[in-house]
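Examining the three-dimensional arrangement
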Amino acid sequence: MQRNATVVSALGLLVFATCAAFAQQTPAKKTAAKAGKHYTLPATKENVQWGWFDVNEKPKLTVESGDTVSIETWYHVLDQLKPESTDHALEGPPMDKIAGWRKENDGGGPHSITGPIYVNGAEPGDTLEIRILKIVPKEYGQNFNLPGKEFPTGLLPKEFPEGFVRYYKFDLAKMTTEFKPGIVLHLKPFPGVIAVGPDPNEPKEKAGPPIKDDKGRTSTLRPWKNGSNMDLNELQAGSTLYLPVFVKGALIWTGDSHCLQGNGEVNLEALECAYKEIEIQPIVRKDMKIEWPQAENKDYWIFTGFDEDLTEAMKIATRNTIDWLSTQKMVPMDRYEAYALASLVADCRVMEVVDIRKGIHCMVPKSIFVKQSKMAASKQ
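Residues numbered from 1 in each chain as written. Predicted model: local features only at pLDDT ≥ 70, side-chain atom pairs only at ≥ 80, totals over all residues. Heavy atoms only, no water.

Quick look at unusual backbone geometry now. In this structure, P116 follows G115 across a cis peptide bond, with omega equal to 0°. On the secondary structure map, P116 appears in strand β7 (residues 112-119). In this structure, D79 takes a positive phi of about 75° despite not being glycine. Looking at where D79 falls in the secondary structure, it is placed in helix α1 (residues 76-79). One non-glycine residue, A250, lies in the positive phi region at around 65°. Along the polypeptide, A250 turns up in strand β18 (residues 250-260). (Helix = DSSP H or I, 4+ residues; strand = E, 2+ residues; numbered from the N terminus.)

In structure tokens, the structure reads:
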């Protein structure tokens, strides 16, 4: 292993089970990961990049399918966008400094991303299953909107010509923070950016700055088929993400750590934070072929779509939902039935509208599959 990766212990990890698998899998055939080792990947100058994915970046860690990794993440702009630990007034970098950083890394995201992690055996055409096992936030967070008079960012830039930033101290014992006196927010951490190596056939930008820079790196600004800046707030601890693999070794990055976000992320940001640890378990799936990111938690299967046009993003997410419903084996159905069922039960939500490509995710409740539930209960 590379020198920046620390082996913590060899675990006989029992993989937690979810209700069902995607594509052609039935719940009884959910792929089990073999016991693996556990590693840590700290956030350091060597392990963190600012706003760009580079498939030529040397892997910071190499793991086997089924191993687990505890990853540390930094605050935005290489850990600069945070209050000082001695600053009890919760004052961090001012707006002019934040705006300057944005111009300094023009075209790239503000995100500090830790990685990449190379997964042995992952090949283009495979699916990488990423189980999010645990998230432990650091103690501060922030939210800002850039000045609308200078930057066309956020949903309503012309209505908010001045920039605004506020810093927050977390009560990690209660997992809360105070927005202002009288308003308490309950933290629900999830990774804003979690990605594998970029899609070499990603289409050219329809809006915004170029997707790639003159070094061939891919900006972290936009979500796409490899995940990236999805801002999917369902990816909390206990959830599982599925991403199509585009490069050998998959190459996992994560950053843009969030501690709370409403769907839409309308002013530009969530409650942006950093993690002492996000523990993941990557599993190479040779038996599963997908085109777009999918996810699941204990209650829902989740299907995504991304496009600069929100209606097109909705169409993509809906087609992905129909495709899965019409091919799953728990209760077989044709595409017309799947289309109807999606209309009745799929809860399609706006992930975000501020990352140039907009995101939709459609959530299918697992509870509707009562035949499968009754079969499972009869075996107990």
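Residues with a pLDDT of 70 or more make up 88% of the protein, whose mean pLDDT is 91. When the criterion is pLDDT under 50, residues 1-21 qualifies, and its contacts beyond four places in sequence or with other chains add up to 64 contacts. Overall, residues 375-380 carries pLDDT values under 50, and its contacts beyond four positions in sequence, including any with other chains, amount to 0 contacts. (pLDDT = per-residue confidence, 0-100. Contact = heavy atoms within 4.5 Å.)

Before going further, it helps to spend a moment on the packing of aromatic side chains. For any pair of aromatic rings, the description rests on two quantities: the centre-to-centre distance and the angle between the ring planes. Under the counting rule described, the total for this entry stands at 7 aromatic pairs. Pairing Y168 with F179 gives two aromatic rings, centres 6.2 Å apart and planes at 20°, and the pair type is stacked. Taken together, the residues span a long stretch of sequence, with Y168 in strand β10 (residues 164-171) and F179 in strand β11 (residues 176-180) at a distance of 11 residues. Here the aromatic cluster, defined as three or more aromatic residues joined through ring pairs, consists of W301, F303, W324 and F369. Here the basic side chain of R166 rests over the ring of F179, its NZ or CZ set 5.1 Å away from the ring centre. The lysine or arginine in question, K225, covers the ring of W292, its NZ or CZ lying 5.0 Å from the ring centre. (Phe/Tyr/Trp six-rings, centres within 6.5 Å; stacked < 30°, edge-to-face > 60°. Lys NZ or Arg CZ within 6 Å of the ring centre and 35° of its normal.)

A cluster of nonpolar side chains, contributed by L155, L156, F160 and V266, occupies part of the molecular surface with about 370 Å² of accessible area. Position of L155 among the secondary structure elements: in the loop between β9 (140-145) and β10. L155 sits in the partly exposed class, given a relative accessible area of 46%. (Patch = residues over 30% accessible without salt bridge, like charges linked within 9 Å, V, L, I, M, F, W, Y side chains within 5 Å. Areas by Shrake-Rupley, 256 points an atom, 1.4 Å probe, with all protein chains shown as cover. Salt bridge = Lys/Arg side-chain N within 4 Å of Asp/Glu carboxyl O. Buried < 20%, exposed > 50% of the residue type's maximum accessible area, 1.4 Å probe, protein only.)

Where helix α3 (residues 310-325) meets helix α4 (residues 335-345), the closest approach of the two axes is 8 Å, and the angle between their N-to-C directions is 125°. Judged by the inter-axis angle, α3 sits oblique to α4. The chirality of how α3 crosses α4 is right-handed. Touching T321, I322, D323 and L325 of α3 are R335, A338, Y339, L341 and A342, all from α4. For the contact of α3 with α4, the residue count by class is 6 nonpolar, 1 polar and 2 charged. (Axes fitted to C-alpha atoms, helices over the stretch in contact; angles between N-to-C directions. Parallel < 35°, antiparallel > 145°, perpendicular 65-115°, else oblique. Left-handed = near helix turned anticlockwise from the far one by under 90°. Nonpolar A, V, L, I, M, F, W, Y, C, P; charged D, E, K, R; others polar.)

The subject of this paragraph is the layout of surface pockets. One water molecule sets the probe size; rolling that probe over the atoms shows where empty space is left. Here the largest pocket is characterised by a volume of approximately 740 Å³. Every element with two or more residues in the lining of the largest pocket is listed here: α1, α2 (95-104) and β18. Its residues placed into classes, the lining of the largest pocket shows 18 nonpolar, 10 polar and 11 charged. (1 Å grid on protein atoms, 1.4 Å probe; cavity = no way out; pocket = protein on both sides within 12 Å on 5 of 7 lines; lining within 4 Å. Points joined across faces, edges and corners; volume = space filled by probe spheres on them.)

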